[in-house]
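# A closer look at the structure
Here are the chains, one letter per residue:
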Amino acid sequence: MRVRITALALALLAACAPEPAPLSDAPAPGDPTRGEAVFRAGGCGTCHATPGSDAAANPRLGGGRELVSRYGTFVAPNISPHPTHGIGAWTDRQFMAAMTRGVSPQGEHYYPAFPYTSYARMRAGDIADLWAYLQTLPPEARDNPPHDLRFPYDNRRLLGVWKQRFLRPGAVAGAGDDADVARGQYLVEGPGHCGTCHTPRAALGGPDYRRWLAGAEALEGPDGLPAPNITPASPLIAEAGLDEIAALLEPAETHAQSHRWGEGMEAVRRNLAHLPASDRRAIAAYLKAIPARE
Ligand code: HEC
Ligand code: HEC
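This section reports on the structure supplied with the text. (Residues numbered from 1 in each chain as written. Chains lettered and ligands numbered in written order. Predicted model: local features only at pLDDT ≥ 70, side-chain atom pairs only at ≥ 80, totals over all residues. Heavy atoms only, no water.)

## A few points about the pattern of salt bridges
Across all of its chains, the model carries nine salt bridges by this definition. The shortest N-O distance in the salt bridge between Arg183 and Asp279 comes to 2.9 Å. Remark: Asp279 occurs in helix 13 (residues 277–289) and Arg183 occurs in helix 8 (residues 179–189); sequence separation between them is 96 residues. The exposure class assigned to Asp279 is buried, which follows from its relative accessible area of 7%. Of the charged contacts in the structure, one is a salt bridge between Arg210 and Asp208, with a shortest N-O distance of 3.3 Å. The exposed category is assigned to Arg210, whose relative accessible area is 66%. Taken together, the shared-partner salt bridges connect Asp208, Arg210 and Arg211 into one network. (Salt bridge = Lys/Arg side-chain N within 4 Å of Asp/Glu carboxyl O. Helix = DSSP H or I, 4+ residues; strand = E, 2+ residues; numbered from the N terminus. Buried < 20%, exposed > 50% of the residue type's maximum accessible area, 1.4 Å probe, protein only.)

## Some details on the site of ligand 1
Around ligand 1 sit 22 residues, and of these Cys44, Cys47, His48, Tyr110 and Arg156 come closest. Tyr110 is positioned with one of its side-chain polar atoms (N or O) 2.5 Å from an oxygen atom of ligand 1. Contact distances for ligand 1 include 2.8 Å between an oxygen atom and a backbone N or O atom of Tyr111. The dominant element in the shell around ligand 1, judged by the number of residues it contributes, is helix 3 (residues 44–48), at three residues. Partitioning the shell around ligand 1 into residue classes produces 16 nonpolar, five polar and one charged. (Near = heavy atom within 4 Å. Polar contact = N/O pair within 3.5 Å; in protein donor to acceptor, adjacent residues only side chain to side chain. Nonpolar A, V, L, I, M, F, W, Y, C, P; charged D, E, K, R; others polar.)

## Here we look at helix 6 (residues 124–134)
Quick reminder: α-helices carry 3.6 residues per turn. Residues three or four places apart thus point the same way. Of all the 11 residues making up helix 6, nine are buried; the element is thus mostly covered by neighbouring parts of the structure. All of the buried residues in helix 6 are Asp126, Ile127, Ala128, Asp129, Leu130, Trp131, Ala132, Tyr133 and Leu134. Looking at the buried residues of helix 6, the elements they touch are helix 2 (32–42), helix 3, helix 4 (92–101), helix 5 (116–119) and helix 8. (Contact = heavy atoms within 4.5 Å.)

## A look at the packing of helix 8 against helix 13
Viewed as axis vectors pointing N to C, helix 8 and helix 13 meet at an angle of 95 degrees, and their least axial separation amounts to 7 Å. Here helix 13 runs roughly perpendicular to helix 8, going by the angle between their axes. For the pair formed by helix 8 and helix 13, the contact residues are Asp180, Val181, Arg183, Gly184, Gln185, Leu187, Val188 and Glu189 on the first element and Asp279, Ala282, Ile283, Ala285, Tyr286 and Ala289 on the second. Broken down by class, the residue content of the contact of helix 8 with helix 13 amounts to eight nonpolar, two polar and four charged. (Axes fitted to C-alpha atoms, helices over the stretch in contact; angles between N-to-C directions. Parallel < 35°, antiparallel > 145°, perpendicular 65-115°, else oblique.)

## Notes on the packing of aromatic side chains
Within this structure, the stated rule accounts for nine aromatic pairs. When the ring of Phe114 is compared with that of Tyr119, the centres are 6.1 Å apart and the planes differ by 55 degrees; the resulting orientation is tilted. Among the residues examined, Tyr119 registers a relative accessible area of 5% and is labelled buried. Lying over the aromatic face of Tyr186, Arg123 brings its terminal NZ or CZ to 3.9 Å of the ring centre. (Phe/Tyr/Trp six-rings, centres within 6.5 Å; stacked < 30°, edge-to-face > 60°. Lys NZ or Arg CZ within 6 Å of the ring centre and 35° of its normal.)

Structure below.
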């Protein structure tokens with residue numbers, strides 16, 4: 001009963017939550033070639049590629065991957081350009097709203113299993129390029145199975161309250177104004193969504209921004225590895241040089257050192273491998289520049 005009342009109170013609060021300001025004008029048409037790099041930096045294929053398809057070469061974004069969490073199981077939807085099964089009938093503005101405000105074309109809140117709290121920090125031009133790239137991928141005629149979530153998490157309206165607390169599109173860490181560090185900051189805090197695994201959770205499951213990148217308990221999911229602290233509080237980040245840290249961002253097969261490679265991080269490494277080496281170094285520079293957090 002208590003749960004029910006809390007859920008009701010939250011739903012009422014959600015109903016009263018003010019609507020965010022409207023989006024500014026749609027950006028100019030994007031560039032699909034640049035958009036592929038944004039797609040890799042954002043790791044979209046890791047969740048949205050149809051299981052069994054080859055996300056590396058020619059991503060088929062029919063969805064269907066199950067994401068197990070303490071709230072239940074989410075199923076990544078079809079984001080291929082199919083007009084009815086995917087998002088092919090969307091406008092670029094609707095895509096922008098999904099990415100930066102976590103709102104669907106029908107005005108419903110998305111679950112943060114879709115890491116829009118990070119994507120909200122992406123530049124409009126990058127989102128336009130990403131949108132242009134997505135149009136070049138094959139349309140997939142696959143239905144979206146529903147999520148299987150426990151009560152009260154099956155109610156999207158509760159997410160209004162959650163978003164007021166955790167959707168903060170500003171920069172997270174004070175990292176100085178070096179150009180490399182700034183590029184790394186953009187990649188980590190924006191498209192890279194590194195905080196979803198490496199930042200501990202606050203109550204209600206959102207990121208604890210005061211302990212940004214300070215590491216998290218065993219992750220939910222098949223391998224259940226803890227995500228290490230990647231601030232300078234970790235001796236590794238504090239002591240290693242930029243090239244050594246950048247090498248930790250490369251896939252295991254290119255890496256001599258033996259390591260307990262987590263599948264989640266390996267997918268990130270395979271995505272980052274599509275970016276220029278200067279971007280991995282920029283990420284390393286950012287990790288060394290942010291405040292140490294235990
Ligand atoms: C960690 C897994 C994960 C990653 C990474 C991810 N998504 Fe998603 N995405 C989801 C889930 C789960 C949903 C469903 C959210 C919901 O139903 O509220 C979703 C929903 C969406 C939707 C809404 C689809 C619809 O039918 O309404 C779009 C668009 C989308 N994602 C695009 C992207 C793009 C573009 C990227 C890369 C920049 C990306 N996602 C990365 C998990 C992910
Ligand atoms: C899906 C969850 C997940 C995401 C997203 C993620 N990581 Fe990781 N990361 C892990 C796990 C788990 C490990 C430990 C296992 C391993 O090293 O493979 C790890 C390890 C690391 C390490 C090695 C640290 C050490 O002490 O050996 C670095 C550096 C790192 N991640 C940086 C990043 C950066 C930068 C991003 C964003 C571009 C990122 N991670 C995104 C889960 C994640």
